[in-house]
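Working through the structure, step by step
For reference, the chains in residue letters:
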Amino acid sequence: LGPNGVALRDEQEVLEGLALVVAASPDFDTLAAGFDKLVEAPATALAAAASGPDDPKLVVSELDRLTSIVRCTTPDLHLVEPRPHPVLTAVSRLWPVFEALADRYRANHHVIERLCRCYKHAMRSCRRLFEPLLDKMIAHLVTHFAAAPLSSYVYASSICITEFGNDPNKEPVLFQMLAEISRTVFALFRTLDDFRRRPDVVEEFFYLVSRFLDYCPDHLVASSLLADVLRCGVEGLALEHREAQRGILHCFERTVVVALAARQHHDHRLRDLSPSNNNNNTNTNTAAHPPPADAALARSQALTRLLVDQGHGRNIAVAVLKALTGELPAYALDEGHGSLVGVLWKLRHLCPAHLPQWAAAALADVPDRFASNDIKHDLLNSITADPPRKDAFCDALLVFSARCRDLAKLLR
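Below: a short report on this structure. (Residues numbered from 1 in each chain as written. Predicted model: local features only at pLDDT ≥ 70, side-chain atom pairs only at ≥ 80, totals over all residues. Heavy atoms only, no water.)

Here we look at helix α13 (residues 225-236)
Threshold: By the criteria applied, helices consist of DSSP H or I runs no shorter than four residues and strands consist of E runs no shorter than two, each listed in order from the N terminus. Under the convention used throughout, the expected extent of a helix is 1.5 Å for every residue step, that is, one less than its residue count. Buried means the residue's accessible area, taken with a 1.4 Å probe over protein chains only, is under 20% of the maximum for its type, while exposed means over 50%, and partly exposed covers the values in between.
Given a rise of 1.5 Å per residue, 12 residues ought to cover 16 Å, and the 16 Å separating the end C-alpha atoms of α13 matches this to within 8%. Among all positions in α13, only Leu 225, Leu 226, Ala 227, Val 229, Leu 230, Cys 232, Gly 233 and Gly 236 are buried.

So, the environment of Ser 372
You can see Ser 372 is positioned in the loop between α18 (355-364) and α19 (373-384). Separated by 35 residues in the primary sequence, Ser 372 and Leu 407 have C-alpha atoms spaced 8.2 Å apart.

What about the packing of aromatic side chains?
Condition: Each Phe, Tyr or Trp ring, with Trp reduced to its six-membered ring, pairs with another whose centre is within 6.5 Å; inter-plane angles below 30 degrees give stacked pairs, above 60 give edge-to-face pairs, and intermediate values give tilted ones.
Here the structure, examined in full by the defined rule, presents seven aromatic pairs. Judged by centre distance (6.1 Å) and plane angle (85°), the ring pair of Phe 186 and Phe 205 falls under edge-to-face. Here Phe 205 lies in helix α11 (residues 199-215) and Phe 186 lies in helix α9 (residues 171-188), a separation of 19 residues in the sequence. Residue classification places Phe 186 among the partly exposed residues on the basis of a relative accessible area of 22%. On the basis of relative accessibility, which here comes to 0%, the residue Phe 205 falls in the buried class. Connected via pairs of aromatic rings, a cluster forms that spans Trp 95, Phe 98 and Tyr 119.

A closer look at the state of the cysteines
For clarity, the cut-off: The rule for a disulfide is simple: a pair of cysteine sulfur atoms within 2.5 Å.
Under the criterion given, the structure shown has zero disulfides. Counting only cysteine sulfurs, Cys 116 is the nearest neighbor of Cys 118, a cysteine outside any disulfide, at a range of 9.7 Å. The exposure class assigned to Cys 118 is buried, which follows from its relative accessible area of 2%.

Describing the packing of helix α16 (residues 312-325) against helix α20 (residues 390-410)
Test applied: What counts as an axis is a line fitted to C-alpha atoms, over the stretch in contact for a helix, and the angles between N-to-C directions run from 0 to 180 degrees. Note on terminology: angles under 35 degrees are roughly parallel, angles over 145 are roughly antiparallel, angles of 65 to 115 are roughly perpendicular, and the others are oblique. Any two residues having at least one pair of non-hydrogen atoms within 4.5 Å are treated as being in contact. Polar here means any residue other than Ala, Val, Leu, Ile, Met, Phe, Trp, Tyr, Cys and Pro, which are nonpolar, and Asp, Glu, Lys and Arg, which are charged; Gly is therefore polar.
Following both chains from N to C, one finds α16 and α20 inclined at 55°, their axes separated by 7 Å at the closest point. Overall, the two elements α16 and α20 adopt an arrangement that is oblique. Here Leu 321, Ala 323, Leu 324 and Thr 325 of α16 come into contact with α20, specifically with Leu 397, Phe 400, Ser 401, Cys 404 and Arg 405. The residue inventory of the contact of α16 with α20, partitioned by class, reads six nonpolar, two polar and one charged.

A closer look at helix α6 (residues 109-126)
What counts, and what does not: Side-chain atoms alone can form a polar contact between residues adjacent in sequence; in general such a contact is a pair of N or O atoms within 3.5 Å, and within protein one must be able to donate a hydrogen while the other accepts it.
Its 18 residues give α6 an end-to-end C-alpha distance of 26 Å, which sits within 8% of 26 Å, the value for a rise of 1.5 Å per residue. Close packing links the buried residues of α6 with α3 (56-72), α4 (77-80), α5 (86-104), α7 (134-147) and α8 (151-164). Regarding α6, its N-cap is Asn 108, as a side-chain oxygen of that residue lies 3.0 Å from the backbone nitrogen of His 110 further along. One or two residues past the end of α6 sits Arg 127, with phi positive at roughly 55°.

Notes on the pattern of salt bridges
This is how it is decided: The rule for a salt bridge is simple: a side-chain nitrogen of Lys or Arg has to be within 4 Å of a carboxyl oxygen of Asp or Glu.
Per the stated rule, a full pass over the model turns up 21 salt bridges. Here Arg 104 makes a salt bridge to Asp 54, at a shortest N to O gap of 2.6 Å. With a gap of 50 residues between them, Arg 104 in helix α5 and Asp 54 in the loop between α2 (28-51) and α3 connect regions that are remote in the sequence. A salt bridge links Asp 64 to Arg 114; the nearest nitrogen and oxygen atoms lie 2.8 Å apart. Within this pair, whereas Asp 64 is found in helix α3, its partner Arg 114 is found in helix α6, the two being separated by 50 residues in sequence. Residue classification places Asp 64 among the buried residues on the basis of a relative accessible area of 6%. Among the charged side chains, a salt-bridge network with shared partners connects Arg 9, Glu 13, Glu 16 and Arg 71.

Notes on the nonpolar core
What counts, and what does not: Throughout, nonpolar core names a set of buried Ala, Val, Leu, Ile, Met, Phe, Trp, Tyr and Cys residues whose side chains join them through atoms within 4.5 Å.
Formed by 137 residues in total, the largest nonpolar core has its most connected members in Phe 98, Leu 344 and Leu 347. Contact partners of Leu 347, with chain neighbours within four places excluded, come to Val 256, Gly 313, Ile 316, Ala 317, Pro 352, Leu 355 and Trp 358.

This is how it looks when you write it as structure tokens:
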């Protein structure tokens, strides 16, 4: 119970209801006054807690109250503009408090999770109006993650991408954020035991990269960072943790999907720009005004070099096949948002000539205790089938995995 004798969950529901009423205010002044009144109590309590005796339970409760208000204060942005969003004003005012709490409770997962949850809802409530604090938020998340590598900081960083990743002007600072977080992650995960100690960070990091690929991939695709990410992911597939494996596999899938989408977009744009489709547009200056197809081609070529020429596609395929045989953990066999079967199916489309070669080489190295020659032969026939059919392809991989595991049981 809270100090007023009301259960915290009940109090949060009341605060959420009041915040929804405030968000529906007919004018900005009423909105701002109502919001300030609602956040006054938790803001005052958090300011006192930042410099008072250690009381993580109190801090968590007050952050929950504040977040309930922030989450539901989502007025029409046209009512707010061009003035600062009330949530932005409150976050600016509380920023020294947030910094102090992050420093003081850096080792307390519960406090940091609630703090980052508040950040998340503040950004989602303000949407594009959070822009004045974006640089400060990114610096805060990156710095504190380096000092205390908790997954909550990585998740909050992914919200920066969802809210601002579609703004080309923000791509450089978002990429810098990703690079700084990646530097910390790579320093953390040098051995399999390192992965075991922080599986939640593994999961959130690879979802962060996936989100970057979905929203603003070009800086990442053009850099050497993605190769390091894929290399780290292949090593991480040895980790026995379902959610971490799904995060890694989702990142692999999104990498291939971005390459496929870029290739398809380029091909479509070329058809649109062909003389037969542009009879009245013969003076296009493609040097001065390169068509979108050029950017798509650059993205497709960069990812093809990464996956084919540099061997990362082969490394991914080998690791996935090892998981299907049982040599590595296999949790996400055929699920949405990241699976072993899904990765190979997408590689089959992107690299139709290479995947069968990679699979043949990988299966040749699989010990007989994991897969007999007959089992390997049947799988290769399914992988090389042309044209590929998704149901038959995926079923063949699942049957292959089941047969490998049945064989392992017989040989025990």
